[in-house]
Amino acid sequence: MRARKAAPARPGKKVTRVGMRYTHDTQSRHSEQCDGATFVRLHASCMNVSLACERRFVLSSNTVRVGIVGVGNCASSFVQGLTYYRDASSSDVIPGLMNPTVDRYRVRDIEIASAFDIHAGKVGRDLCDALLTAPNNTRIFAEVPHTGVTVARGPTLDGIGTYLRDEIEESQLPESDVAEVLRRTRTDVLVSYLPVGSQRASEWYALRALEAGCAFVNCIPVFIASDTGWRRRFESAGLPLLGDDIKSQVGATIVHRVLANLLHERGVQLEHTYQLNFGGNSDFKNMLERERLTSKKLSKTRSVTSQVSVAPSNIHVAPSDHVEWLTDRKWAYIRLEGTGFGGTPLNIELKLEVWDSPNSAGVVIDAVRCAKLALDRHIGGALVGPSSYFMKSPPQQFPDHVARDLTLKFIAGEESDRSATNRDDTARARATCHVHANG
Ligand SMILES: NC(=O)c1ccc[n+]([C@@H]2O[C@H](COP(=O)([O-])OP(=O)(O)OC[C@H]3O[C@@H](n4cnc5c(N)ncnc54)[C@H](O)[C@@H]3O)[C@@H](O)[C@H]2O)c1
């Protein structure tokens, strides 16, 4: 990621600049005062830029305006969390939250600005109703009030797989102009919660984020932030990018990584390991389609092999089945077999039971606030530290305690640009060749 000296105006929306933010505004020619924020409109020529239009300078707002792509279970937990933690105070230690505040942003400062889906039962409805529509089946822990955000119709592309085709009726409403909606709703950060295997749809929405001047948080295992080409695009646009594939608060991935690292640090040779996951939500149903699973398997396996050396044929990490009655619960069986002192065998076997979607929501609540901080600070490109802490497949892997440290330093403004390749603690990059995606 690169700190920009002078970020161009993001078309149609604000960019914070030393406490000020501005937008393109082709209509206005006046200075004015508005409620909540001070708008001072200036001619582009005053700013020594060659844009034909004018820009609107606005004092930085204290909100993080989020757009959601895919109003499924994860979106439900995320939005419920905004209600549930609305009154969280910055001085409290709050069960369930990693960080009550991220710099100046509290949970209550996150607002939903826009939402996109393709499901007939969700498009055209207020987000609070769409979130309760089947096949969403996650735990309801907060009553989301009317949001005023109507779910807009996005293009379907490769969003619906074989196993959900019969369950999801596509909306007959016309597709919206997504970039225009993002600009009009002043969306700061676009979060992708598309189904696994949505390669084309993910790339399509990443392009719309670039077009509209939004930061992009990619929660799914399609490689955007971990792809050099996409990183360059966001870097040249001066827009922050976080990804890929959200790492849950305490999920199978982080438990598996920590145990693998523990064996490594204590001198135990990891010989064989597996992580078998199953659940009853539509994410697991969709993943029954093996062809859509390649990137998910790659992402989950890399996340473990980046921490420890194990022969490719001796590791198996995968979503394994769909068990309807588990609803949004996910069970993971993890086994590690190692060799300790004197060649003595050592085994760890555990079962993890979690609710899948709430497990990711708090992490996304932190990720969007980091993305907004980067916007405020004119940092474009992939956020290496936060991505490594929040995501399974970041541009660069670190042991989790280092990733956390980098993230806290980023939040504190001490770590704005990091090319971490020359750090001693960079995780061992031995992942890719270890993966047989359909194995
Ligand atoms: N802990 C977790 O739950 C976790 C962790 C890591 C990654 N993820 C990933 O997050 C993603 C979302 O998970 P989920 O459980 O919310 O899935 P979900 O199936 O409940 O929701 C996906 C939503 O996307 C919509 N959709 C499909 N195609 C679309 C398109 N082209 N445009 C807009 N919307 C479209 C669907 O209608 C659905 O509402 C998945 O890829 C999952 O693997 C989840």
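Note that the structure is predicted; figures quoted are calculated from it, not measured.

Caption draft 1: Up close: the nonpolar core. Among the nonpolar cores identified, the biggest contains 87 residues, and Val191, Val217, Val364 and Val368 are the most heavily contacted of them. Sort the elements by how many residues they give to this core and helix α9 (residues 356-376) lands first, with eleven residues. Here this core gathers at least three residues from each of two domains, domain 2 (64-248 + 362-422) and domain 3 (252-358). Beyond its immediate chain neighbours, meaning those up to four positions away, Val191 contacts Val66, Gly67, Ile68, Val69, Val217, Cys219, Val364 and Val368. Counting residues in hydrophobic clusters, the runner-up holds 15 residues, among them Val310, Ile315, Ala318 and Ile334.

Caption draft 2: View of the site of the ligand. Lining the immediate surroundings of the ligand are 36 residues, of which Gly70, Gly72, Cys74, Gly159 and Ser360 lie closest. A total of four residues in the shell around the ligand trace back to one element, the largest contributor, which is α9. Looking at the shell around the ligand residue by residue, the classes come out as 18 nonpolar, 14 polar and four charged. When we break the shell around the ligand down by domain, the ones giving at least three residues each are domain 2 (64-248 + 362-422) and domain 3 (252-358).

Caption draft 3: Here's a closer look at helix α6 (residues 252-265). Taking 1.5 Å per residue, 14 residues should reach 20 Å; α6 reaches 20 Å between its end C-alpha atoms and fits that length. If you check which residues of α6 are buried, you get Ala252, Thr253, His256, Arg257, Leu259, Ala260 and Leu263. Elements in contact with the buried residues of α6: β15 (269-279), α8 (294-305), β17 (329-339), β18 (345-355) and α11 (400-411). Among the residues trailing α6, Gly267 stands out with phi positive, at a value near 80°.

Caption draft 4: Structural context of the environment of Gly279. Relative to the elements of secondary structure, Gly279 occurs in strand β15. With 27 C-beta atoms counted inside 10 Å, the residue Gly279 sits in the buried group. Contact partners of Gly279, with chain neighbours within four places excluded, come to Phe284, Val323, Leu326, Asp328, Arg329, Lys330 and Asp356.

Caption draft 5: Highlighting the packing of helix α1 (residues 73-84) against α9. The N-to-C vectors of α1 and α9 enclose an angle of 60°; their axes lie 8 Å apart at closest approach. Compared by their axis directions, α1 and α9 come out oblique. Crossing hand, α1 versus α9: right-handed. Taken together, the residues of α9 that come into contact with α1 (itself represented by Asn73, Cys74, Ser76, Ser77, Phe78 and Gly81) are Ser357, Pro358, Ser360, Ala361, Gly362, Val364 and Ile365. Grouping the amino acids of the contact of α1 with α9 by side-chain chemistry returns six nonpolar, seven polar and no charged.

Caption draft 6: Seen up close, α9. For α9, with 21 residues, the first-to-last C-alpha span of 31 Å sits near the 30 Å given by 1.5 Å per residue. At Gly362, α9 is bent by approximately 25°, the largest bend along its length. Judged by how many residues are buried, α9 sits mostly within the fold: 21 of 21 residues are covered. Once α9 ends, the next one or two residues include His378, with phi positive near 60°.

Caption draft 7: Local environment of the sheet that holds β18. Across the sheet, which stays open at both edges, the four strands sit in the order β16-β15-β17-β18 with mixed pairing between neighbours. Of all the strands in the sheet, the pair left with one neighbour each is β16 (315-322) and β18. Each adjacent strand pair in this sheet contributes to an overall mean axis angle of 10°, direction not counted. Bridge count between β15 and β16: seven bridges; the pairing is parallel. Across the sheet, residue Thr273 finds its bridge partner in β16, namely Ile315. Each of β15, β17 and β18 is contacted by α9, which is oriented at about 90° to β18, the strand it contacts most.

Caption draft 8: The environment of Asn73, seen in detail. Mapped onto the elements, Asn73 comes out in helix α1. Here Asn73 falls in the buried class, since 27 other C-beta atoms lie within 10 Å of it. Here the alpha-carbon distance between Asn73 and Ala361, two residues 288 residues apart in the chain, equals 9.8 Å.

Caption draft 9: Fine view of the pairing of strand β10 (residues 110-117). In terms of burial, β10 is largely enclosed, as seven of its eight residues are buried. Bridge count between strand β7 (residues 64-69) and β10: six bridges; the pairing is parallel. Note on β10: the bridge partner recorded for Gly67 is Ser114. Sheet analysis places β10 next to strand β11 (residues 152-153), joined by two bridges and oriented parallel. In the strand pairing of β11, Asp117 is matched with Arg153.

Caption draft 10: Quick look at the pairing of β15. Summarising the sheet, β15 and β17 pair through ten bridges and their orientation is antiparallel. What sits directly across from His272, in β17, is Glu337.

Caption draft 11: Looking closely at the packing of α6 against α8. It is at 8 Å that the axes of α6 and α8 come closest, and there the two elements cross at 25°. One way to sum up the angle between α6 and α8 is to call them roughly parallel. As for how α6 packs across α8, the hand of that crossing is right-handed. Contacts from Thr253, His256, Arg257 and Ala260 of α6 reach α8 at Lys300, Ser303 and Val304.

The rules behind these values
- Residues numbered from 1 in each chain as written.
- Predicted model: local features only at pLDDT ≥ 70, side-chain atom pairs only at ≥ 80, totals over all residues.
- Core = buried A, V, L, I, M, F, W, Y, C linked by C-beta atoms within 7 Å.
- Buried ≥ 20, exposed ≤ 12 C-beta atoms within 10 Å, placed from the backbone.
- Helix = DSSP H or I, 4+ residues; strand = E, 2+ residues; numbered from the N terminus.
- Domains from an automatic or database assignment.
- Contact = placed C-beta atoms within 7 Å.
- Near = placed C-beta within 6 Å.
- Nonpolar A, V, L, I, M, F, W, Y, C, P; charged D, E, K, R; others polar.
- Expected span 1.5 Å × (residues − 1).
- Axes fitted to C-alpha atoms, helices over the stretch in contact; angles between N-to-C directions.
- Parallel < 35°, antiparallel > 145°, perpendicular 65-115°, else oblique.
- Left-handed = near helix turned anticlockwise from the far one by under 90°.
- Bend = angle between axes of the 7 residues up to and from the residue.
- Pairing = 2+ DSSP bridges.

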